[in-house]
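# Remarks on the overall topology
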Amino acid sequence: MSMEFNHKSVLFDEAIAALELNKNKIIADGTAGGGGHSREIAKTAKRLIAIDQDPDAIKVLNERIGSLPNVSIVQNNFSNIKDVIASLNINAIDGMLLDLGVSSFQLDNGDRGFSFHQDAPLDMRMSKEGLSAYDVVNSYDEHSLADIIWKYGEEKFSRSIARNIVKAREKKKIETTFELVDIIKDSMPARELKKGHPARKTFQAIRIEVNGELDRLREALDNAFECLNPNGIIAVITFHSLEDRIVKEKFAEWTRGCTCPKEFPVCVCGNKPKGELPFKSKAPSEKELADNPRARSSRLRAFKKY
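Residues numbered from 1 in each chain as written. Predicted model: local features only at pLDDT ≥ 70, side-chain atom pairs only at ≥ 80, totals over all residues. Heavy atoms only, no water.

### What to know about the nonpolar core
Membership of the largest hydrophobic core comes to 63 residues, with the highest contact counts inside it found for Ile49, Ile81, Ile93, Ile165, Leu180 and Leu221. For this core, the leading source of residues is helix α11 (residues 213-227), giving seven residues. Apart from the residues lying within four places of it in its own chain, the contact partners of Ile165 are Val137, Leu145, Ile149, Ile174, Leu180 and Ile183. One finds Ala32, Val71, Ala295 and Leu300 within the second-largest nonpolar core, a separate group that totals 26 residues. (Core = buried A, V, L, I, M, F, W, Y, C linked by side-chain atoms within 4.5 Å. Buried < 20%, exposed > 50% of the residue type's maximum accessible area, 1.4 Å probe, protein only. Helix = DSSP H or I, 4+ residues; strand = E, 2+ residues; numbered from the N terminus. Contact = heavy atoms within 4.5 Å.)

Encoded structure:
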């Protein structure tokens, strides 16, 4: 298998511009992947910290940008940004980029189990460690499965999917992606099978559960905020409404000023904004959507610290 670690970066130019790069800045790319953003950042920034939890990505990053003098490559989860910079004897950073898309490499590489288009062992672990999709599908009770598929996939047939997963695994363990796809298809009315791939939402939900993605994102935003110098920027590319909501709400919290009732003549709460939003949010252009349909639901948001 060749290491084609090409994550077609969505909103690429917009994300790079949002970081307001210059030659004095230390920037962390929390989801370095195949190094597309990282390579671009390293051209301008004083120092780049390229972080990824996927060991395959780390190999590729070392090949592609490991020889650049201003680059440090670290295998870790981006939520551990404080530990990462401490290990490099760095006190603070001037920017952090998070591109939350699953890389095309992970989706297209059959044996990782991320894709519902290829038959593979049920895995979906970005770090190749810990809880796997196989564990979730074969050991979670029906209520927990339905809850995850509804909450993380926003799948309206979550209950019948969970019921049929439990029924199927009583006969034999569910081991592959296509076995799971067949169960999902059998759990939906025929008319639904025509509306895009029926397994997309369930696969998303299981992947989020396996990798603890939403919890890691919340931790990462809080920890990145603490690591930022004044005028430091956090830029985040999200790919579904659950991620986007977390980022939007966190940025809103940081930019909120006085919360006193309007009738108070003076502020008594003392709340001051911790920063500002350089722009509201950015969506892909029509041209980008034509080139890369995977970009459909993506959004870029940024926050600049005071």
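### Brief notes about the packing of helix α7 (residues 142-153) against helix α8 (residues 158-171)
As a packed pair, α7 and α8 sit with axes 8 Å apart at the nearest point and diverge in direction by 140°. When the axis of α7 is compared with that of α8, the two are oblique. Seen along the crossing, α7 lies across α8 with a hand that is right-handed. Here Glu142, Leu145, Ala146, Ile149 and Trp150 of α7 lie close against α8, whose contacting residues are Ser158, Arg159, Ile161, Ala162, Arg163, Ile165, Val166 and Arg169. (Axes fitted to C-alpha atoms, helices over the stretch in contact; angles between N-to-C directions. Parallel < 35°, antiparallel > 145°, perpendicular 65-115°, else oblique. Left-handed = near helix turned anticlockwise from the far one by under 90°.)

### Focus: the packing of aromatic side chains
For the coordinates displayed, the defined rule picks out six aromatic pairs. Taken together, the ring pairs in this structure connect Phe225, Phe251, Trp254 and Phe303 into an aromatic cluster. If you follow Lys282 out to its NZ or CZ, it ends over the ring of Phe279, 4.4 Å from the centre. The lysine or arginine in question, Lys305, covers the ring of Phe225, its NZ or CZ lying 4.4 Å from the ring centre. (Phe/Tyr/Trp six-rings, centres within 6.5 Å; stacked < 30°, edge-to-face > 60°. Lys NZ or Arg CZ within 6 Å of the ring centre and 35° of its normal.)

### Focus on a nonpolar patch on the surface
A contiguous nonpolar patch, built from Phe264, Val266 and Val268 and spanning about 290 Å² of accessible area, is present on the exposed surface. With respect to the helices and strands, the residue Val268 is situated in the loop between α12 (241-255) and β6 (275-276). (Patch = residues over 30% accessible without salt bridge, like charges linked within 9 Å, V, L, I, M, F, W, Y side chains within 5 Å. Areas by Shrake-Rupley, 256 points an atom, 1.4 Å probe, with all protein chains shown as cover. Salt bridge = Lys/Arg side-chain N within 4 Å of Asp/Glu carboxyl O.)

### Some remarks on the sheet that holds β6
Here seven strands make up an open sheet; going across it, the order is β3-β2-β1-β4-β5-β7-β6 and the pairing mixed. Lying at the two open borders of the sheet, with one neighbouring strand each, are β3 (71-75) and β6. Here two bridges tie β6 to strand β7 (residues 299-305), and the two strands are oriented antiparallel to one another. Bridging across to β7, Gly275 finds its partner in Lys305. Seen against the sheet, helix α3 (residues 55-65) touches β2 (47-52) and β3 and runs at an angle of roughly 165° to β3. (Pairing = 2+ DSSP bridges.)

### Looking at the side chain of Thr202
In this structure, Thr202 sits in helix α10 (residues 200-211). You can call Thr202 buried: its relative accessible area is 0%. Apart from the residues lying within four places of it in its own chain, the contact partners of Thr202 are Ile149, Glu155, Ile161 and Ile184.

### Focus: helix α9 (residues 177-186)
Every buried residue belonging to α9 is among Thr177, Leu180, Val181, Ile183 and Ile184, and all of these are buried. Projection of α9 onto a plane perpendicular to its axis shows the buried side chains occupying an angular sector of 165°, all on one side. The inward-facing, buried residues of α9 abut α6 (133-139), α8 and α10. (Arc of directions from axis to C-beta.)

### Section: the pattern of salt bridges
Counting across every chain of the model gives 20 salt bridges. Residue Lys128 is joined to Asp56 by a salt bridge in which the shortest nitrogen-to-oxygen separation is 3.2 Å. With a gap of 72 residues between them, Lys128 in the loop between α5 (104-108) and α6 and Asp56 in helix α3 connect regions that are remote in the sequence. For Lys128, a relative accessible area of 37% gives the class partly exposed.

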